Every structure is written in structure tokens, then in C-alpha cells.
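Residue-level structure breakdown
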Amino acid sequence: MSFWKPERLTWLHRANPVVKLGVLVGLFLMTVLTHDIDFILYQAVVFTVCLLALSGIKLSKMLLLSVPFLIAFLSSSTSMMLFGRGEDVWWQWGLFRVTEESFYRGLHLGFKGITFAAEGLLFVTTTSSVALFYGLMQKLKLAPKYAYSFMASIRLLPMVWEEYVVRRQALQVRGIRPIRGVKGAVHRAGMYAVPLLAQSIRRAHRVAAAMEAKKFNGETGKHRTYYYVSRFTVYDVLIVLLLAGAACISYMIANFYPWFGIGDVRF
Amino acid sequence: MQSNVNAKMNGNVRRGLRLSDILVTILISLVLGVVYHFWGSVYGLFKPLFFQADEMMYGMWFAASTLAFLLIRKPGVALIAELAAAHVEVLFGSGWGLSMLLYGFIQGLGAELVFAAFRYRNYTAWAAALAGAASAVGSMFVDIYMAYTDSYVLWMYLAKYSMRIASGAIIAGLLMFALAKALERTGVASLLRPASAKDYAALDDSRDV
């Protein structure tokens, strides 16, 4: 995808996608298992810094990407703040009831959302899906039929968009006027869903038949060769050290300079 | 045709996923994954209606598993479909990042288990509705762990998840069943399914010696 085209290449781009995926899944699990608000705050800060340093994409694009961060923060934190259980009531209005416990728990969820977003973008901004699936096939022995299916369908997706445009034009030519409002939206969805899906199933089936004929399913012989060879390099060691170091740093700062100092946020 | 008959004899046709099954599953899921990505805004539209009204729209995010299973009817399809749809969201740089894959996995697993409980032989609207509801229950468990929803006040918790389960049953179950039926009428489903005993019986003409 050209949108993710980096301005400069960093260590993270040069590392093997499988290693990168492994490290980021590890970090993800660490974030899931964190229930301490100070630790999660510093994780959010440290991984956002990592993202700015390592993603290699332009700062203006990064600002655009920070919109999902904001949405993740707001939608994870607000409902917990307003409706979470807690003893120490700060503010109450009708059904809304903000307590001290629920406020901090909401804040914790907001920081967690930011951390997840940063970890996800660290991977997405630096890895092409082709490199990822070739790596998974060669290093983790993912069956080629899955890997090639994923790669092929990502390439087929723009054709579905083309079908959509054709369908829209066809409906225009036939003089079908769009109905306004919710009812119109439902009606429109119905007019597009069936032809688009049917067409993509047909196309996928044709492509799959051709791929099977070319033995992309990899049923014959274990020792197939690959056009792109996935290798482990010294950059893999570097990024493992770098990202593990980032996690350690956030843990240490949380211990030495806790902001909130309330520990576990669970009820 | 001959090879198909042979495969049938060896019992290869029904067992396992072929590349074409996987490719079709993934492409359907990617299309739905794009819908998933923009569904957030539809979801947001319902928010002001009444309290937690957005949960009524949540079921769309379980649609890939049921639709793919109803069309392809093989073991494993429901799980792959939901994972593939979640992978689109990660690819598009959604704010939810990798947690999307975890949700996708558990939701797909919920639907898959329901279809497995029927030994993958039940393609009715009921089975689909049950699978949609099971995905919702799966997402509830992930929510408890990831978003501490168990520490909401009780009435809020019940309202949220009963609406979500109902939405899963209606949107992912019944609506996708209707869509699958509509797709069957276009004739594409015959591409996807292995030939049935009835098809083979049609080959035996009693006039042939």
C-alpha cells in the first residue's frame, strides 16, 4: 500500500517480519496483562515515542494516524468513567455516576488503547503483507494455501472496488434514484451487497482454480522454493533488544516515578 | 469429472479445505472487513438514540464467520473468516491494533464451536443465529479481560450484553442467512460446494448400460 510508504528506512523495516510479529505479540500480551495504571501510562508514552522514531513515515501522516488513537482513547475511557462501579462518588447526574475508582479505571483503559494502537502501527507501518506471509510460510511452516490465499485476496480487493464503481454507474444509467434517509441506506446496501459478493466469489473461484493448477496450494512436496527468501539478520537481534529495552524502561520509570501511585485498577 | 468421482470414492472431497475454499472465504471476509472498518461510524450514529443503543449494531462485526460458513459449509471456515476480517482492520491501521486479532479469533471460535456442535451439517437460520450469539458471548469474555466490563454497574452490564447477543443473533445470524440465500439464488454457491449424492445420482442414467 503506497500510503504506508516510508520516508526513511529504520531497523524495524529491515528486521524479519516473523521476529517482529513475535516481539509485538509479546508486547501486546504484556499490555493486556498490565493492570497497573502507572506502568500503562509509561507504556503508552514509550511506545508512542518508539512509533515516531521507528515507523519512518512522515510526521504529517502520523498526525492523520493519531485520529484512531484519539478515538481509541475516548471510546475506551468514557463509558467506564461514567458507568464503572466504585465507592468514592465524585459526581452524579441521573444514571451517570463518576467515582474515583471508575475514573482511574477509565483513564487506564484509555492509555491501554493508545498502547495497543502504537504497537499495532509499529507493525503495520513497517511490514508489507507479502513479506509477512512469505516469512510465515518459510519460518513458521504456515501451509502455502493459507498464505497465498491471503496474498491473492489482498490483491483482489481493489477489483471489488472497481465492481462497486461499475455497479453504481449501472444503477445510474438505469435511472435509479437514491432514496434518502435510513430506509434508503438499507435499500442501497441491498442493491450492492448481493452483486458485489457474488462477483467476488466468482472471481475468487476462478483465481483459485488457476492457482491450484499452478500448484500454489503446495500439496506436492515439502521442499518447495520461494521467490522471496525470508532470512534472519542482525537487525532481528537489534529490534528484540530495542523493544524489550523499551518495555523495561517503561517498567522502571513506573516504579521510580509513579504519577498516580494507586497500583491495580481492577475492582 | 472422473477425478471428482475418484476423489469422492476416496472421501477426499469433504475433508479439509482446498485453496479455492480458503481464497473465497478470505475474499468474502476482506470485503466484510472493509465494511467492519467503516461500521464504526454507523455504530456511532446509533449512540444518541438511547443509552447503549450502539450495541444493537454490534452484530455486524460477527458477520464474516456465519456468512462464510453458510456458503462454504466446511470445518474451519468460520474461524478463518473472522480472523481474515480482523486482519483487514489491523492492516488499515485501526486504533485497536493487534487486539482486533484477539477479538476476531475468539469471536470466530465462538461461531465455529456452534457449527461444530451441529457437526457442520446444520445450515439453518437457527444455527446461524446461535453462532452469531456465540460470537457475541466470545467478545464478552474478551471484553471482561481487556476492558474490565465486569466492573460496570450490573444493570449496565446486562443491558449492554443482552443487546449485543441479540444483535449478534439478528445481524450476524438472520441477516447473513438471508444474504447467503440471496447469493445462492445467483448460482455462485454451486461453485463452492462439493457435489452432493444427488448430483452423482443424476449421472446414473438407467438407459446407460
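The structure we're discussing is the one just above.
Below is a short write-up of the structure.

What counts, and where the lines are drawn
Residues numbered from 1 in each chain as written. Chains lettered and ligands numbered in written order. Predicted model: local features only at pLDDT ≥ 70, side-chain atom pairs only at ≥ 80, totals over all residues. Heavy atoms only, no water. Axes fitted to C-alpha atoms, helices over the stretch in contact; angles between N-to-C directions. Helix = DSSP H or I, 4+ residues; strand = E, 2+ residues; numbered from the N terminus. Left-handed = near helix turned anticlockwise from the far one by under 90°. Contact = heavy atoms within 4.5 Å. Buried < 20%, exposed > 50% of the residue type's maximum accessible area, 1.4 Å probe, protein only. Disulfide = S-S within 2.5 Å. Phe/Tyr/Trp six-rings, centres within 6.5 Å; stacked < 30°, edge-to-face > 60°. Lys NZ or Arg CZ within 6 Å of the ring centre and 35° of its normal.

Here the focus is the packing of helix α6 (residues 125-147) of chain B against helix α7 (residues 154-186) of chain B. Residues and elements named next belong to chain B. Running from amino to carboxyl end, α6 crosses α7 at an angle of 145 degrees, the nearest separation of the two axes being 7 Å. Crossing handedness for the pair α6 and α7: right-handed. Where α6 abuts α7, its residues A125, A128, A129, G132, A133, A136, V137, S139, M140, D143 and I144 lie against Y157, Y161, R164, I165, G168, A169, A172, G173, L174 and F177.

What follows deals with the environment of B:Y200. Residues and elements named next belong to chain B. For Y200, the position within the fold is in helix α9 (residues 197-203). Under the relative-accessibility criterion, Y200 is labelled buried at 15%. Counting along the chain gives 71 residues from Y200 to A129, while the straight-line C-alpha distance between them is 32 Å.

Residues and elements named next belong to chain A. All told, the structure shown has zero disulfides over all chains when counted by the stated rule. In this structure C50 is a free cysteine whose sulfur lies 12 Å from that of C248, the closest cysteine sulfur available. A relative accessible area of 46% places C248 in the partly exposed class.

On to the packing of aromatic side chains, then. A full pass over the atoms with the stated rule returns 18 aromatic pairs over all chains. Centroid distance A:Y134 to A:Y226: 6.2 Å. Interplanar angle 80 degrees. Geometry classified as edge-to-face. With A:Y134 in helix α6 (residues 129-139) and A:Y226 in the loop between α8 (181-213) and α9 (234-256), this pair connects stretches of sequence that are 92 residues apart. Considering the side-chain rings of A:Y134 and A:Y228, the 5.2 Å spacing of their centres and the 90 degrees angle between planes classify their relative orientation as edge-to-face. Highlighted residues: A:Y134 in helix α6 and A:Y228 in the loop between α8 and α9, separated in sequence by 94 residues. Given a relative accessible area of 11%, A:Y134 falls into the buried group. The exposure class assigned to A:Y228 is partly exposed, which follows from its relative accessible area of 46%. An aromatic cluster of at least three residues, connected via ring pairs, comprises A:Y134, A:Y148, A:F216, A:Y226, A:Y227 and A:Y228. Of note, B:R164 hangs over the ring of B:Y58, and the distance from its end group to the ring centre comes to 3.6 Å.

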